[in-house]
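Architecture at a glance
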Amino acid sequence: MLVIPPSFKILHDLDQESLAVRIERCGRLCYKSEDKITEDSAPPFIRRILKHGHNSVAEMAILTLKVSPGGEADVTKLCGALPKYLHIDRVEKELLISGSVRAFRELYQAHPNLKIVKGITRYLHTRHPLFFEDIVPEKGIVRQGGIVVEKIPLEDVEQLPAYLLAKHRFVAVTFTVNRAVTHEMVRHRPCGFLQESQRYCRYSENKFGSQLTFIKPLFYKEDSEEYGLWEEAMVESERIYLKLLETSTPQAARTVLPNSCKTELIVYANLLQWVHMFKLRTSKGADPSMREVMIPLLAEFKKLFPAVLSHIFAEE
Ligand SMILES: Cc1cc2nc3c(=O)[nH]c(=O)nc-3n(C[C@H](O)[C@H](O)[C@H](O)COP(=O)(O)OP(=O)(O)OC[C@H]3O[C@@H](n4cnc5c(N)ncnc54)[C@H](O)[C@@H]3O)c2cc1C
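Here is a short report on the structure shown in this document. (Residues numbered from 1 in each chain as written. Predicted model: local features only at pLDDT ≥ 70, side-chain atom pairs only at ≥ 80, totals over all residues.)

The next thing to look at is the pairing of strand S7 (residues 170-178). Each regular strand carries side chains that alternate between the two faces of the sheet. Burial analysis of S7 places 9 of its 9 residues in the buried class, the great majority of the element. Here 4 bridges tie strand S2 (residues 7-10) to S7, and the two strands are oriented antiparallel to one another. In the strand pairing of S7, phenylalanine 8 is matched with phenylalanine 175. Two elements, S7 and strand S10 (residues 262-270), share 9 bridges in a ladder whose sense is antiparallel. Paired with valine 173 across the strands is valine 267, a residue of S10. (Buried ≥ 20, exposed ≤ 12 C-beta atoms within 10 Å, placed from the backbone. Helix = DSSP H or I, 4+ residues; strand = E, 2+ residues; numbered from the N terminus. Pairing = 2+ DSSP bridges.)

Here you go:
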């Protein structure tokens, strides 16, 4: 067995990638099949994922659009449709709309006849056909009908004033932590999540070192009696897990695995939601194993986005 400390990584590199590359890289974390990525593996991977309804993978890429509506009626109708998981702001005569590929797909699926939704989807379908080919009629949808849509690059999103930056700048972080911590993180409902799957990963395979990996518990000193007992429990659960794998599937064998198992989780949220999580998860009442990663992560966010975070989390 392997024992490692918890860690996190802000996925800056993915911010520079195409939506398809980004979605594949994140989606493959579930299966730990990143080794299967090639120059042309993204489209078939994405088609398969969408077909099977593994929908949270499509939450891993965010688009920010500037939309000039045809008229006031379009705005009223769009807001009246109460789009789920889209962030909409009025900036003078235009709308600033941010959301994931999934949110834009489901906007069209729920409201295919709204003129403004048709205009937005037509733009997205032209620019990113891979994500809309299964839901948009073969010949493409309809005319854009006076709706003008433009994609806002990340560099321009970063120039927005703080109140808009907080809503429209999304940040993805991969956590390598134990499963008790990820269980707490996934309670934050507005985020997008993807997690390494114990149903699909067979830890007896070579690529996992034919062993289990556990996260070092911060509660016990390494030379203490308690640490010795914890270690004993991990050795035993690994032994039983590997024995069960000889005759059963990973999803069956995983039922003996403990909270200390290492797992990877991608959390993708806008800054407003990160602020909410930092408030709850760095406080003295939070789980110490959660604070262990969230306190240093907050320090990173404060450096990256001072306009949004510094006045909320003043130096202690
Ligand atoms: C110290 C601590 C102890 C905890 N102990 C327990 C425990 O013993 N047992 C337990 O089950 N949980 C526990 N929790 C989890 C906690 O109750 C929340 O589920 C978790 O922190 C997610 O945060 P949230 O609900 O504020 O909002 P998020 O899910 O992060 O949502 C963000 C915002 O979305 C809105 N929102 C989302 N969904 C809804 C909804 N359905 N209705 C209304 N508004 C919504 C709210 O405005 C909310 O502020 C604990 C959390 C902490 C920090």
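So, next bit.
The next thing to look at is the sheet that holds S2. The sheet built from 4 strands is open, its strands ordered S2-S7-S10-S8 with antiparallel pairing. The strands lining the two open edges of the sheet, one partner per strand, are S2 and strand S8 (192-195). Sheet twist, expressed as the average angle between the axes of neighbouring strands with direction ignored, equals 15 degrees. Its contacts with the sheet place helix H12 (residues 271-281) against S7 and S10, and it is angled at close to 125 degrees to S10. (Axes fitted to C-alpha atoms, helices over the stretch in contact; angles between N-to-C directions. Contact = placed C-beta atoms within 7 Å.)

In the region of the ligand, the neighbouring residues are Arg187, His188, Arg189, Pro190, His276, Leu280, Gly285 and Ala286. Residues of the shell around the ligand, tallied by class, amount to 3 nonpolar, 3 polar and 2 charged. (Near = placed C-beta within 6 Å. Nonpolar A, V, L, I, M, F, W, Y, C, P; charged D, E, K, R; others polar.)

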